[in-house]
Each structure stands twice: as structure tokens, then as C-alpha cells.
Amino acid sequence: MAILYRNDLLAPYLALPQGEKVQAEYVWIDGDNGLRSKTTTVKQKVTDIGQLRIWDFDGSSTNQAPGNDSDVIPSAGGDNIIVLCETYNNDGTPNKTNFRHHAAKIMAQAKDEEPWFGLEQEYTLFDVDGNPFGWPKGGFPGPQGPYYCGAGTSKVFARDLIEAHYRACLYAGINISGINAEVMPSQWEFQVGPCEGISMGDHLWMARYLLVRIAEQWGVKVSFHPKPLAGDWNGAGCHSNFSTKAMREPGGIKVIESAIEKLALRHNEHIAVYGEDNDMRLTGRHETGHIGEFSSGVANRGASIRIPRHVAAQGYGYLEDRRPASNIDPYRVTSIIVETTCLTTEN
Ligand code: ADP
Ligand code: MN
Ligand code: MN
Ligand code: MN
Ligand code: MN
């Protein structure tokens, strides 16, 4: 079944002294919304991003042209680091999947509004043979019901992997705010946030990277597909919680309502960047609103936008955009939300 778990073999090597030298693991988003990485040795501990070089890669192997530029640096153990990179073409223009470049400009324009996000990343685990992880061979587990936030054998799967990822995120300085088992067995969620502006995309991409990287050790495949299994199984989303400074202050509910009016006017533009195959998920069933129709409501999990009950009760807080799929690029989603609600002036 799964690849042998070889941590016992690796541990002594990880414990070897490495002198002054550190590893810098460069991570970037490839041409198909996947993650790639390669590692370089740096002569000494890195204390400033300027000490890192811009590094080329073979773009023909990653469905994109080469060139990159470094950004945030979580720790990878000791002085070793992981470096999140932006990708640029040889002529200096942003690569086709470098959505961070545009998003950073939008976030700079809306800086005074202090946009905060909290993303709920859902994902599904599969074994190396492509079966949902832990499901009975050639069969199905019982219907949905006991799995969401479940506890106990046959209700939750791969909790050790989830725990390892959670701790690794905390160690690396990712603003992870929680985890829970999801409605479909072997589907999980982690939340990252609140994060301000461009940092939301940075933290979410790094959390995803750590997840797929750690899952290698379990021989587990991570799927970010919005409807990984047809039938009466929940899809996977990336609910996007959002607020501005004005929304977070007493009376902010008025600002939230006016933002929802603006979001309603641009439903189709948002859906266009809310993930591939999202039509398979946004059916109006399984706690979703229908893809073809904008809706909103307090405590309504079948709506496009939900105002959490406690937010309506206290009169300020944030809104939840439930439309984004699990496979979104968070830079695209956070930037269009800010463009629509903060930078669009009504005619
Ligand atoms: P749900 O009830 O939809 O499952 P979760 O608890 O999974 O909600 O996620 C809620 C998210 O909302 C968290 O990631 C949290 O960081 C985020 N959040 C909380 N307050 C704010 C805020 N003021 N602005 C933006 N996001 C927020
Ligand atoms: Mn080479
Ligand atoms: Mn959640
Ligand atoms: Mn969820
Ligand atoms: Mn949610």
C-alpha cells in the first residue's frame, strides 16, 4: 500500500551538524496551480531577504517560463529556511500564474482599510492507489454524519498527519488558526488567519506546501479538487472570511451589508476566479449556494455570502464568502474581494 515510512532512517542525518551552512528551500507556484521546490545551500544564516539570490528554474518542466523572486521565509528547522518565491519571465514581466504581483498592488491601494482575511482550506486525502485514505477496500464507509469534527476509529482518518502539519505550521510561523475533520470521511480543513492584505496568500500557500510535503512521509496524496468524489459526498471549499477596519468597529454591519451589495453586482467576475470545476461543487446542495445565483443571509450555510450569527448579533465583525473552491489561488480571491468592496465606486 503506502510508501514505507522511513523517518527512522532519516533521523540520524537530520541530527548531523551542518556548520555555518544552511539550506534554503525555494518554493513556487507552477503553471498549473501546483507547488514546486528546490533547495540551495547558503553560506550562513539568513537574516535578511536581500541575502538570498534570485534563482532560475527550468520553466519548460513546470508549464511556465523561468525566473523568480523571493518573499517570506518560514523556518525549516534550525537555521534552515523555506522561501516563498514569485515567478517572473525573462523579460521581467510576471509569469502567467504569478497572481501575487497584481494582488500586492491592490492590497497597497487598499492599505488604509486594513483588509483582513481568514481562509478555511478544505482538502481530501487519498492513498497512493488513488482511493480515499482509510476507506474500506473496494467499498464505501457509511453515509456522512459521524465524521465532521469526529473522534474515534472509523470516524477520523490520518489524524497523526494532520497533527504533524498543524505543529509544523506553528513552528514555521504560519498564522494557522485551527483544524477540523470535515463532513466527508478523510476530508479535513485548516484555517489560516486573520491575515492582513497580501500576507493571506503567502501564509496559505506555505501552509499548503507544508501539507503536501509532510504527507509524502505518510504516503498520502492531498487533493484540493472541489468535488473529489461524485455522489452524496461533500465537496471541498475555501470559505473566505473578510473584514475591513470599518466592518470591525461598532456599527460595522452597515459596511458589511453595503459590501454584500457590491459583491452581488459582480457575482460572475468572482466566480471566474473562484476555482476550476467549482460548478461541480456549487450545486445548491451540500451546504453551498448555487453557482448561477448570488444569495446572502445571516447564519445561512446555503448562501453565497453568510453573515455569521454572532456578527449579526453584535452589529459588527466580518462576512464569509462561501463560494471559493478548495483549489483557488488565494491571491486572486483576496484581491478581487478587495477590488470589489474597497476600490469600486458606485455609479
Ligand atoms: P466556520 O464556522 O465557517 O467553519 P471557521 O472557524 O472555520 O468558521 O473559520 C473562521 C475564520 O474566520 C477563521 O479563519 C478566522 O481567522 C476568520 N476570522 C475571524 N475574524 C475575522 C475578521 N474580523 N476578518 C476576517 N476573518 C476573520
Ligand atoms: Mn539542472
Ligand atoms: Mn470552518
Ligand atoms: Mn469546512
Ligand atoms: Mn466556513
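Computed from a prediction, not measured in an experiment: that's the story for all the values here.

1. Digging into the pairing of strand 6 (residues 176-181)
Bridge count for strand 6 against strand 7 (residues 187-196) is five bridges, and the pairing is antiparallel. Each residue of the ladder has a partner; that of Gly 178, found in strand 7, is Gln 191. Linking strand 6 to strand 7, which pair antiparallel, is a turn of five residues; within it Ser 186 sits at a positive phi near 75°.

2. Observations concerning the packing of helix 3 (residues 159-172) against helix 4 (residues 199-218)
Closest axis-to-axis distance for the helix 3/helix 4 pair is 9 Å, and the angle between their directions is 135°. By the angle between their axes, helix 3 is oblique relative to helix 4. The interaxial crossing formed by helix 3 with helix 4 has right-handed handedness. Taking contact as the criterion, the partners of Asp 160, Leu 161, Ala 164, His 165, Ala 168, Cys 169 and Ala 172 in helix 3 are, on helix 4, Ala 207, Leu 210, Leu 211, Ile 214, Ala 215 and Trp 218. When its residues are assigned to classes, the contact of helix 3 with helix 4 shows eleven nonpolar, one polar and one charged.

3. Some remarks on the site of ligand 1
The full set close to ligand 1 counts 17 residues, and Glu 120, Glu 189, Ser 243, Arg 306 and Glu 320 are the nearest of them. Here Ser 243 contributes a side-chain N or O atom positioned 2.7 Å from a nitrogen atom of ligand 1. Coverage of ligand 1 by the protein amounts to 76% of the 580 Å² it exposes when considered alone.

4. Notes on helix 5 (residues 253-265)
End to end, helix 5 covers 19 Å across 13 residues, agreeing with the expected 18 Å (1.5 Å per residue, within 8%). Where helix 5 is buried, its residues meet helix 6 (267-272), strand 10 (296-298), strand 11 (305-307), helix 7 (309-314), strand 12 (319-321) and helix 8 (330-343).

5. Structural notes on the confidence of the model for the chain
Here the chain shows a mean pLDDT of 91. Residues at 70 or above account for 94%. Here the prediction assigns the complex a pTM of 0.93, and the interface score ipTM is 0.98.

6. What to know about the coordination of the manganese ion (ligand 3)
Taken together, Glu 120 (OE) and Glu 189 (OE) make up the full set of protein donors to the manganese ion (ligand 3), lying 2.2 to 2.3 Å away. Separating the manganese ion (ligand 3) and the manganese ion (ligand 4) is a distance of 3.8 Å, and Glu 189 donates to both of them. Taken together, the residues span a long stretch of sequence, with Glu 120 in strand 5 (residues 116-127) and Glu 189 in strand 7 at a distance of 69 residues. Its relative accessible area of 15% is what places Glu 120 among the buried residues.

7. Structural notes on the state of the cysteines
Chemically, a disulfide is nothing more than a covalent bond linking the sulfur atoms of two cysteines. Summed over all chains, the structure comprises zero disulfides. The structure places no disulfide on Cys 85, whose sulfur is separated from the nearest cysteine sulfur, that of Cys 169, by 18 Å. There is no disulfide at Cys 195, and the cysteine sulfur nearest it, in Cys 169, is 11 Å away. Cys 195 sits in the buried class, given a relative accessible area of 4%.

8. Quick notes on the packing of aromatic side chains
Inspection of the entire model under this criterion finds seven aromatic pairs. Judged by centre distance (6.5 Å) and plane angle (55°), the rings of Tyr 123 and Phe 224 are tilted. One end of the pair, Tyr 123, is in strand 5; the other, Phe 224, is in the loop between strand 8 (220-223) and strand 9 (238-243), with 101 residues separating them in the sequence. We classify Tyr 123 as buried; its relative accessible area is 1%. The exposure class of Phe 224 is buried, given its relative accessible area of 18%. An aromatic cluster is defined as three or more aromatic residues linked by ring pairs; in this entry it consists of Tyr 123, Phe 190 and Phe 224. We note Arg 208 situated over the ring of Trp 205; from NZ or CZ to the ring centre the distance is 4.7 Å. Residue placement shows Arg 248 over the ring face of Trp 116; its charged tip is 3.6 Å from the ring centre.

Conventions we followed
- Residues numbered from 1 in each chain as written.
- Chains lettered and ligands numbered in written order.
- Predicted model: local features only at pLDDT ≥ 70, side-chain atom pairs only at ≥ 80, totals over all residues.
- Heavy atoms only, no water.
- Pairing = 2+ DSSP bridges.
- Helix = DSSP H or I, 4+ residues; strand = E, 2+ residues; numbered from the N terminus.
- Axes fitted to C-alpha atoms, helices over the stretch in contact; angles between N-to-C directions.
- Parallel < 35°, antiparallel > 145°, perpendicular 65-115°, else oblique.
- Left-handed = near helix turned anticlockwise from the far one by under 90°.
- Contact = heavy atoms within 4.5 Å.
- Nonpolar A, V, L, I, M, F, W, Y, C, P; charged D, E, K, R; others polar.
- Near = heavy atom within 4 Å.
- Polar contact = N/O pair within 3.5 Å; in protein donor to acceptor, adjacent residues only side chain to side chain.
- Areas by Shrake-Rupley, 256 points an atom, 1.4 Å probe, with all protein chains shown as cover.
- Expected span 1.5 Å × (residues − 1).
- pLDDT = per-residue confidence, 0-100.
- Donors = N, O, S within 2.8 Å, 3.2 Å for Na, K, Ca; no water.
- Buried < 20%, exposed > 50% of the residue type's maximum accessible area, 1.4 Å probe, protein only.
- Disulfide = S-S within 2.5 Å.
- Phe/Tyr/Trp six-rings, centres within 6.5 Å; stacked < 30°, edge-to-face > 60°.
- Lys NZ or Arg CZ within 6 Å of the ring centre and 35° of its normal.

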